[in-house]
Amino acid sequence: MFDYLIVGAGFAGSVLAERLASQLEKKVLIVDRRNHIAGNAYDHYDDNGILVHRYGPHIFHTNARDVFEYLSQFTEWRRYEHRVLASVDGQLVPIPINLDTINKLYGLKLTSFQVEEFFASVAEPRDQILTSEDVVVSKVGRELYEKFFRNYTRKQWDMDPSELDRSVTARVPTRINRDDRYFTDTYQAMPLHGFTRMFERMLTNPNIRIMLNTDYREIMNVIPFKEMIYTGPVDEFFDYRYGKLPYRSLQFKHETHDKPVFQDAPVVNYPNEHLYTRITEFKYLTGQEHNKTSIVYEYPRAEGDPYYPVPRPENAELYKKYKALADATPDVHFVGRLATYKYYNMDQVVAQALTIFKQLSSKESLEVVINR
Ligand code: FAD
Ligand code: UDP
């Protein structure tokens, strides 16, 4: 008899498996319908021996010391600060938009003070910042919004920024200085030997059994367990009772080129050209040295594996109905990006899983006291 059946071996499932097995000595069965662990963070060596991320670029960053320290038990790190260029008006310029972006784009030599004045002069004041359009035009005005955000967002989400919550484009700040890092978090690093190796170390505990290529529905009536932790899409769990929750998908096109460097930055965004949104060159992320280089293109799709919840009010309403069902299913705990329908980064999923672990362990201590 397993204490827990954990559905999904991504961050949510693996953190909980590790904590339950190592701290509470629980017997855990973790299943994934894919043929590998690590969920969307999975990385592997491709046919040319280059470390690539199968499901698009994954860069670890967090302000949460406890999350960083927790993961540090399972990996050493490589210092890495992510940088992105955007292809706009025939030039490659830094995104997030900063002082250098404006100077390069318009051939100017503004100071930080002057660029702040420039933003103020072009910004469109808004009483309320509700949508992803409001966030950008209220800071940098319509022209920059159209050059950098409108078309990228339409491509990525098949929706106008005015139809999406503010939280989506608010992920990308605007700066008046020359800082060209994509993230400013305190901790920014890549697992030295890759994400998959880190997951392998999380899941080595003898109390953990792993079953791959297995949908939980194939085994849940055959293998006995006490409680379930579910990290797949929440609407699927309830057989789409209230209809499908929209998730956005991507198609990844991986390529290897017979030269050491393909592009000028780890990621180049293409807001206005091409059907793909961005190209990632993995060797920048991993620091690997190799005479060839591997890249990935991301083509947004409606159909396919669910990768992104779509943050907008009607979806939040529909999710609430599924959340109510989830809350009324006490022996199943819903954790992670798909199961809680949140546009979470990896560190937020780890934090959420650690919180659920604390709840499960305090519930357990309470039961021990009551049963005494
Ligand atoms: P997942 O990793 O999706 O794991 C869920 C697992 O459950 C999957 O492996 C799935 O196969 C399995 N599963 C589902 N249903 C079943 C079933 N019925 N039976 C068995 N198994 C099932 N975050 C960052 O912090 N930095 C980044 O740079 C970053 N870049 C990203 C780029 C892209 C293109 C994407 C899509 C995401 C990115 N993220 C990034 C987010 C990150 O991938 C997620 O936060 C994290 O992987 C979510 O972990 P999870 O465990 O919730 O879900
Ligand atoms: N975005 C954009 N232009 C860019 C970069 C981002 O319009 O050059 C918008 C777009 O809507 C995107 C969102 O900001 O989906 C969040 O960007 P992020 O890079 O965080 O996306 P992720 O890495 O999660 O795909």
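Residues numbered from 1 in each chain as written. Chains lettered and ligands numbered in written order. Predicted model: local features only at pLDDT ≥ 70, side-chain atom pairs only at ≥ 80, totals over all residues. Heavy atoms only, no water.

In contact at an axis separation of 13 Å, helix α3 (residues 99–106) and helix α5 (residues 132–157) are set at 95 degrees when each is read in the N-to-C sense. In terms of orientation, α3 and α5 fall into the roughly perpendicular class. When α3 is examined against α5, the residues T101, I102, L105 and Y106 are found in contact with a partner set consisting of E143, L144, K147 and F148. Grouping the amino acids of the contact of α3 with α5 by side-chain chemistry returns five nonpolar, one polar and two charged. (Axes fitted to C-alpha atoms, helices over the stretch in contact; angles between N-to-C directions. Helix = DSSP H or I, 4+ residues; strand = E, 2+ residues; numbered from the N terminus. Parallel < 35°, antiparallel > 145°, perpendicular 65-115°, else oblique. Contact = heavy atoms within 4.5 Å. Nonpolar A, V, L, I, M, F, W, Y, C, P; charged D, E, K, R; others polar.)

In the vicinity of ligand 1 lie 33 residues, with D32, H58, I59, Y344 and M346 positioned nearest. At a separation of 2.9 Å, a nitrogen atom of ligand 1 approaches a polar backbone atom of P57. The separation between a nitrogen atom of ligand 1 and a polar side-chain atom of D215 is 3.3 Å. Protein chains shield 96% of the accessible area of ligand 1, which is 1,000 Å² for the free molecule. Secondary-structure elements contributing two or more residues to the shell around ligand 1 are α1 (11–23), α8 (216–219) and α12 (346–371). Looking at the shell around ligand 1 residue by residue, the classes come out as 15 nonpolar, 10 polar and eight charged. (Near = heavy atom within 4 Å. Polar contact = N/O pair within 3.5 Å; in protein donor to acceptor, adjacent residues only side chain to side chain. Areas by Shrake-Rupley, 256 points an atom, 1.4 Å probe, with all protein chains shown as cover.)

We now examine the sheet that holds strand β1 (residues 2–7). The sheet built from five strands is open, its strands ordered β10-β2-β1-β11-β17 with parallel pairing. The sheet is open, and its two borders are formed by β10 (208–211) and β17 (332–334), each paired with just one other strand. In this sheet, neighbouring strand axes are inclined to one another by 20 degrees on average, regardless of whether the strands run parallel or antiparallel. Contacting β1, β2 (28–31), β10 and β11 (225–230), α1 crosses the sheet at an angle of about 170 degrees to β2. (Pairing = 2+ DSSP bridges.)

Within strand β9 (residues 187–191), five of the five residues are buried, leaving the element largely enclosed by the surrounding structure. Covered by surrounding structure in β9 are Y187, A189 and P191 together with Q188 and M190, the residues of both alternating faces. As paired elements, strand β5 (residues 60–62) and β9 share three bridges and run antiparallel to each other. Following the sheet pairing, F60 is matched in β9 by A189. By the bridge criterion, three bridges tie strand β6 (residues 77–79) to β9 in an arrangement that is antiparallel. Looking at the pairing, W77 lines up with P191 of β9. (Buried < 20%, exposed > 50% of the residue type's maximum accessible area, 1.4 Å probe, protein only.)

Residues in contact with ligand 2 amount to 16 residues; listed here are only the nearest, T153, R171, Y182, Y308 and Y343. N269 has a polar side-chain atom sitting 3.0 Å from an oxygen atom of ligand 2. Ranked by the residues each element gives to the shell around ligand 2, the list is headed by α5, at six residues. Its residues assigned to classes, the shell around ligand 2 comprises 10 nonpolar, four polar and two charged.

Our next topic: the packing of aromatic side chains. The tally for this structure, following the rule as stated, stands at 30 aromatic pairs. Seen in terms of ring centroids, F11 and F195 are 6.4 Å apart; in terms of plane orientation they differ by 80 degrees. Their pairing is edge-to-face. One end of the pair, F11, is in helix α1; the other, F195, is in helix α7 (residues 195–202), with 184 residues separating them in the sequence. Of the two residues, F11 and F195, both sit in the buried class. Summarising the aromatic geometry, the rings of Y70 and F74 are spaced 5.4 Å apart at their centres and angled 70 degrees between planes, so their arrangement reads as edge-to-face. The class for F74 is buried, based on a relative accessible area of 7%. Taken together, the ring pairs connect Y216, Y230, F237, F238, Y242, Y322 and F334 into an aromatic cluster. In this arrangement the basic side chain of K253 is found over the ring face of Y297, its NZ or CZ atom lying 4.5 Å from the centre. (Phe/Tyr/Trp six-rings, centres within 6.5 Å; stacked < 30°, edge-to-face > 60°. Lys NZ or Arg CZ within 6 Å of the ring centre and 35° of its normal.)

Glancing now at α1. With 13 residues, α1 extends 17 Å from end C-alpha to end C-alpha; this agrees with the ideal 18 Å at 1.5 Å per step. Most of α1 is tucked away, with 11 of its 13 residues classed as buried. Along α1, the residues classified as buried are F11, A12, G13, S14, V15, L16, A17, E18, R19, L20 and A21. Of the residues flanking the end of α1, it is E25, one or two places downstream, whose phi is positive at about 55 degrees. (Expected span 1.5 Å × (residues − 1).)

We now examine the pattern of salt bridges. Pairing between side chains of opposite charge can happen when the charged atoms of each approach one another. Throughout the structure, instances matching the rule amount to 27 salt bridges. Between R217 and D215 there is a salt bridge; the shortest N-O distance is 3.0 Å. One salt bridge connects R217 with E236, and the closest N-O pair in it is separated by 2.8 Å. With R217 in helix α8 and E236 in helix α9 (residues 234–237), this residue pair connects regions lying 19 residues apart in the sequence. Here R217 falls in the partly exposed class, since its relative accessible area comes to 37%. Residues joined in a network through salt bridges with shared partners are E124, R126, E133, D134 and R142. (Salt bridge = Lys/Arg side-chain N within 4 Å of Asp/Glu carboxyl O.)

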